[in-house]
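Take a look at the letters that make up each chain.
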Amino acid sequence: DLLDMSLGTLPDVPAQYLDLALHHLFTALAPDDRARAAGRFPAEAAAALGLRARAFAGNAWCRAVREDRLARAQYIAALANTHQYVRWTPRLLARAIAAADDEALRDHFFRHLRGEQKHERLIESDLRYLGADVAFITGAMAPAPETLAFMALQESLIGFHQDPVRFLAAPFVAEGLVAHIEPDFLGRLGGNIRRWGYAEPARATRFLAAHARADGGEDGHFARTAAALARLVRDDATQQRLLSAVHLAADAFTRSYDAYAERFDLSFCT
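Residues numbered from 1 in each chain as written. Predicted model: local features only at pLDDT ≥ 70, side-chain atom pairs only at ≥ 80, totals over all residues. Heavy atoms only, no water.

Chemist: Sorry if this is basic, but what is going on with the overall build of the protein here?
Modeler: In terms of helices and strands, the protein carries 16 helices and 0 strands. Expressed as a percentage of its 270 residues, the buried residues of the protein come to 46%. Taking the intrachain contacts of the protein between residues at least 6 apart in sequence as the baseline, contacts between residues at least 24 apart amount to 80%. Total accessible area on the protein is roughly 13,600 Å²; 56% of this is exposed by carbon and sulfur atoms. (Helix = DSSP H or I, 4+ residues; strand = E, 2+ residues; numbered from the N terminus. Buried < 20%, exposed > 50% of the residue type's maximum accessible area, 1.4 Å probe, protein only. Contact = heavy atoms within 4.5 Å. Areas by Shrake-Rupley, 256 points an atom, 1.4 Å probe, with all protein chains shown as cover.)

Chemist: Just checking my understanding: could you explain the nonpolar core for this structure?
Modeler: Nonpolar side chains in soluble globular proteins tend to be buried together. If you look at the biggest cluster of nonpolar residues, it comprises 76 residues, and the most contacted ones within it are W61, Y75 and L130. The element contributing the most residues to this core is helix α16 (residues 236-262), with 11 residues. (Core = buried A, V, L, I, M, F, W, Y, C linked by side-chain atoms within 4.5 Å.)

Chemist: Would you take a moment to explain the packing of helix α6 (residues 89-99) against helix α10 (residues 145-160) for this structure?
Modeler: Each pair of packed helices can be described by the angle between their axes along with the distance between the axes. With their axes 9 Å apart at the nearest point, α6 and α10 run at an angle of 30° to one another. In this view, α6 runs roughly parallel relative to α10, as classed from their interaxial angle. As for how α6 packs across α10, the hand of that crossing is left-handed. Contact with α6, carried on its side by L92, R95, A96 and A99, involves Q154, E155, I158 and G159 of α10 and no other residues of that element. A per-class count over the contact of α6 with α10 returns 4 nonpolar, 2 polar and 2 charged. (Axes fitted to C-alpha atoms, helices over the stretch in contact; angles between N-to-C directions. Parallel < 35°, antiparallel > 145°, perpendicular 65-115°, else oblique. Left-handed = near helix turned anticlockwise from the far one by under 90°. Nonpolar A, V, L, I, M, F, W, Y, C, P; charged D, E, K, R; others polar.)

Chemist: Could you clarify how one ought to interpret helix α5 (residues 72-86) in this entry?
Modeler: For an α-helix, 3.6 residues make a turn, and residues three or four places apart therefore share a direction. Here α5 spans 21 Å end to end across 15 residues, near enough to the 21 Å set by a 1.5 Å rise per residue. Among the 15 residues of α5, 13 are classified as buried, and the element is accordingly described as predominantly covered. (Expected span 1.5 Å × (residues − 1).)

Chemist: Which parts of the structure should I look at to understand the packing of α5 against α10?
Modeler: The contact between α5 and α10 brings their axes to 10 Å, and the two run at 15°. The angle between α5 and α10 falls in the class roughly parallel. In the packing of α5 onto α10, the handedness of the crossing is right-handed. For the pair α5 and α10, the contacting residues are N81, Q84 and Y85 in the first and T147, F150, M151 and Q154 in the second. Here the contact of α5 with α10 is composed, by residue class, of 3 nonpolar, 4 polar and no charged.

Chemist: Can you walk me through the side chain of E175 in this structure?
Modeler: Tracing the sequence through the fold places E175 in helix α12 (residues 169-179). Of the side chains with opposite charge, R224 comes closest to the buried, unpaired E175, at an N-O distance of 7.4 Å. (Lys, Arg positive; Asp, Glu negative; His and termini not counted. Salt bridge = Lys/Arg side-chain N within 4 Å of Asp/Glu carboxyl O.)

Chemist: Explain the environment of R224 here, please?
Modeler: Relative to the elements of secondary structure, R224 occurs in helix α15 (residues 221-232). In this structure, the C-alpha to C-alpha distance between R224 and H112, residues 112 residues apart in sequence, is 9.4 Å.

Chemist: I tried to follow the packing of aromatic side chains on my own but got confused; where do I start?
Modeler: The geometry of two aromatic rings is summed up by the distance between their centres and the angle between their planes. Taken as a whole and judged by the stated rule, the model has 14 aromatic pairs. Aromatic side chains W61 and F185 sit 6.3 Å apart centroid to centroid with 35° between the ring planes, which places their arrangement in the tilted category. Of this pair, W61 sits in helix α4 (residues 60-66) while F185 sits in helix α13 (residues 185-195), and the two are 124 residues apart along the sequence. On the basis of relative accessibility, which here comes to 3%, the residue W61 falls in the buried class. (Phe/Tyr/Trp six-rings, centres within 6.5 Å; stacked < 30°, edge-to-face > 60°.)

Chemist: Teacher, can you tell me more about unusual backbone geometry here?
Modeler: The bulk of non-glycine residues show a negative phi, and the bulk of peptide bonds are trans. Notably, K118 is not glycine yet its phi reads approximately 60°, a positive angle. With respect to the helices, strands and loops of the structure, K118 is situated in the loop between α7 (103-116) and α8 (119-129). The class of K118 is exposed, set by a relative accessible area of 60%.

Dropping the structure here:
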């Protein structure tokens, strides 16, 4: 079966040419076999995301939450940097709507746009409760380099390449990592916030709680994004380009949370 062919069956083919071999294999298939191969693309993307979700769950910031040693500055750094790209999300989604020739994909982005409007206000509310300098964060702050990498990827895919399908890699990663986080994570985060002397942790987690509800579940943002990709990614070249963007987005997202913890690690002072 050509679909099950591995490089182990091909003599003298270096492993680094796997992408080349898979591309020529896919293009050599009969139409029915191509459709059958494309049917496996969603599972491949889900497996890639699952691998990256496990890596994200082990980042320095998430570990600090679970071990009840997250510092207030580390949480504020995460919220403040998240604000840097969340406030641009509606504009990026509007660009995606304009670039999408596929009507169902336009509807997907439009529905997502309605759900993302003014979410930066939730972050600002969380930050005010914690006593952060919201005016600086909203008006003068520069995102951390790792955060900027995640922002630049999104902006490049839709602003320069004008590729609404590959642009889905960014929400697929961001929403997927949230959807894969353990159910009690917000409760653990609340315990950290209470330890800092704040009696109402829910007033500092409105943004994360809202996204945990919206992104997870069978009809959440992540499930709808995965369904859109399964319908639209039907050839090997598109799949490989998508996976490259998924891995790059996941790298940037995970590195950013490591940075939020490591740059504000005050444990050496205690």
